[in-house]
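# Summary of the model geometry
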Amino acid sequence: MPSFYLISMEIISLVLFSVCLRHAWRIGPEDVLRLAAGVLFGLLLEIATIWQLKAYSYGTFLLMISDVPLAIGIGWGVIIYSARLFSDATNLPESIRPVLDGLLALNIDLAMDAIAIRLGMWDWGQGLRFQYFGVPYANYWAWFWVVVSFSASMRLLTSQAQCFWRWLAPFGAVLIGLAGVLTANAFIVYIVPRQYYELTIGFPLGISVLLVLLHRPKVTGRPPAQPAFWVPFGFHVYFLTAGLLSGTILDPPVLLAVSIIMFSISLYLHRSALRGQKA
């Protein structure tokens, strides 16, 4: 029987999915397909990455697809969906918005991953003192490229004028996104020399932050829809609460500081979405 924390993680993922699905349903079938494609993408990328790298394994949740919890695929889907709702409401050029999407996802994972492994949700097999408190640095590289690959593919394909192609675009984005993720995985693991490992991860992420900031992003016109607020809020509150209840967020105490900082950044960035369209 899965632990309380694994089951509650499944519940919070389903709740956030219902929030996004309700919003997508009100907008139209294309948005429902985009959300569904994000979930499918999340499941397939996890299955493919475990097969490709064999670098981590999941705990046993109630709902599993092969070796991957359904909640993880749902988590990817709602994070990508909510990030796009936010970035589409900004003044950023279309080409830069996938980069912002990737950084918004990283904001969640920096507060989540180190706590999740302490709760038994997944295991990197390296102990709790490895690199970033038990989480390989390459995980954050992967999170960024996962979201950027899928978001950029989706935006590119859905920009096509042909109606029929727009219906197929979400599933085309799944294939292109998977190819991008698996290529990025192979590059960082098998090609980059060990002495350049941290530089290869940190440099693109730093450039991405600088690129977004140089464009002075701000919400213009209509505020983002409310799922853009509730998805990051839900994940931050859940892992902060679970970490405090279990005491894992104090092992070491800096995890608590990181969680609070990331949560505060998220609240500040997404505050305008509370005034947006409800789910």
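Structure shown above.
One structure accompanies this document, and this report is about it. (Residues numbered from 1 in each chain as written. Predicted model: local features only at pLDDT ≥ 70, side-chain atom pairs only at ≥ 80, totals over all residues. Heavy atoms only, no water.)

Here we take up the nonpolar core. Within the largest apolar cluster, 87 residues are counted, with the highest numbers of intra-cluster contacts made by F41, M121, W122, F235 and F239. Broken down by element, the residue count for this core peaks at 13 residues, all from helix α4 (residues 97-118). If near-sequence neighbours (up to four positions away) are discounted, M121 is found in contact with Y5, L6, M9, Y58, G59, F61, A116, Y238 and F239. (Core = buried A, V, L, I, M, F, W, Y, C linked by side-chain atoms within 4.5 Å. Buried < 20%, exposed > 50% of the residue type's maximum accessible area, 1.4 Å probe, protein only. Helix = DSSP H or I, 4+ residues; strand = E, 2+ residues; numbered from the N terminus. Contact = heavy atoms within 4.5 Å.)

Turning to helix α1 (residues 4-27), a few remarks are in order. Relative to the 34 Å expected for 24 residues at 1.5 Å per residue, α1 spans 35 Å between its end C-alpha atoms, a close match to the ideal helical length. By the burial criterion, the buried members of α1 are Y5, L6, S8, M9, E10, I12, S13, L16, V19, C20, H23 and A24. At its buried positions, α1 is contacted by α2 (29-53), α3 (70-87) and α8 (227-246). Just downstream of α1, G28 is the residue with a positive phi angle, here 150°. (Expected span 1.5 Å × (residues − 1).)

Taken as a whole and judged by the stated rule, the model has 10 salt bridges. Residues D88 and R84 are paired through a salt bridge, measuring 3.1 Å at the closest nitrogen-oxygen approach. Given the relative accessible area of 16%, R84 is considered buried. Salt bridges sharing common partners tie together R84, D88, E94, R97, D101 and R155. (Salt bridge = Lys/Arg side-chain N within 4 Å of Asp/Glu carboxyl O.)

Moving on to a nonpolar patch on the surface. On the surface, Y196, L199, F203, I207, L210 and L214 cluster together into a nonpolar patch covering about 640 Å² of accessible area. Locating L214 in the fold gives a position in helix α7 (residues 197-214). (Patch = residues over 30% accessible without salt bridge, like charges linked within 9 Å, V, L, I, M, F, W, Y side chains within 5 Å. Areas by Shrake-Rupley, 256 points an atom, 1.4 Å probe, with all protein chains shown as cover.)

Bringing the packing of aromatic side chains into the picture now. For the coordinates displayed, the defined rule picks out 16 aromatic pairs. Ring centres of Y56 and W124 lie 4.8 Å apart, and the angle between their planes is 50°; on these two criteria the pair is classed as tilted. With Y56 in the loop between α2 and β1 (57-58) and W124 in the loop between β4 (122-123) and α5 (137-158), this residue pair connects regions lying 68 residues apart in the sequence. Residue classification places Y56 among the buried residues on the basis of a relative accessible area of 12%. For W124, a relative accessible area of 12% gives the class buried. Consider the rings of Y132 and F133, whose centres lie 4.9 Å apart with planes at 70°: the pair is edge-to-face. Its relative accessible area of 16% is what places Y132 among the buried residues. These aromatic residues form a ring-pair network of at least three members: Y56, Y58, W122 and W124. Above the ring of Y268, the side-chain terminus of R271 is found at 4.1 Å from the ring centroid. (Phe/Tyr/Trp six-rings, centres within 6.5 Å; stacked < 30°, edge-to-face > 60°. Lys NZ or Arg CZ within 6 Å of the ring centre and 35° of its normal.)

Time to look at the packing of α2 against α3. In contact at an axis separation of 7 Å, α2 and α3 are set at 135° when each is read in the N-to-C sense. Put simply, α2 runs oblique to α3. For the crossing formed where α2 meets α3, the hand is right-handed. Together, D31, R34, L35, G38, V39, F41, G42, L43, L45 and E46 of α2 and L70, I72, G73, I74, W76, G77, V78, I80, Y81 and R84 of α3 make up the contact between the two elements. Each residue belonging to the contact of α2 with α3 can be placed in one class, and the counts come to 12 nonpolar, four polar and four charged. (Axes fitted to C-alpha atoms, helices over the stretch in contact; angles between N-to-C directions. Parallel < 35°, antiparallel > 145°, perpendicular 65-115°, else oblique. Left-handed = near helix turned anticlockwise from the far one by under 90°. Nonpolar A, V, L, I, M, F, W, Y, C, P; charged D, E, K, R; others polar.)

Once that is clear, we can look at unusual backbone geometry. Between D251 and the following residue, P252, the backbone shows a cis peptide bond with an omega angle of 0°. Considering the arrangement of structural elements, one finds P252 in the loop between α8 and α9 (254-270). Positive phi is not limited to glycine here, since F133 has a value of about 55°. Secondary-structure assignment places F133 in the loop between β4 and α5. Residue classification places F133 among the partly exposed residues on the basis of a relative accessible area of 22%. Phi at R216 takes a positive value of approximately 50°, unusual for a residue other than glycine. Within the secondary structure layout, R216 lies in the loop between α7 and α8. Here R216 falls in the exposed class, since its relative accessible area comes to 69%.

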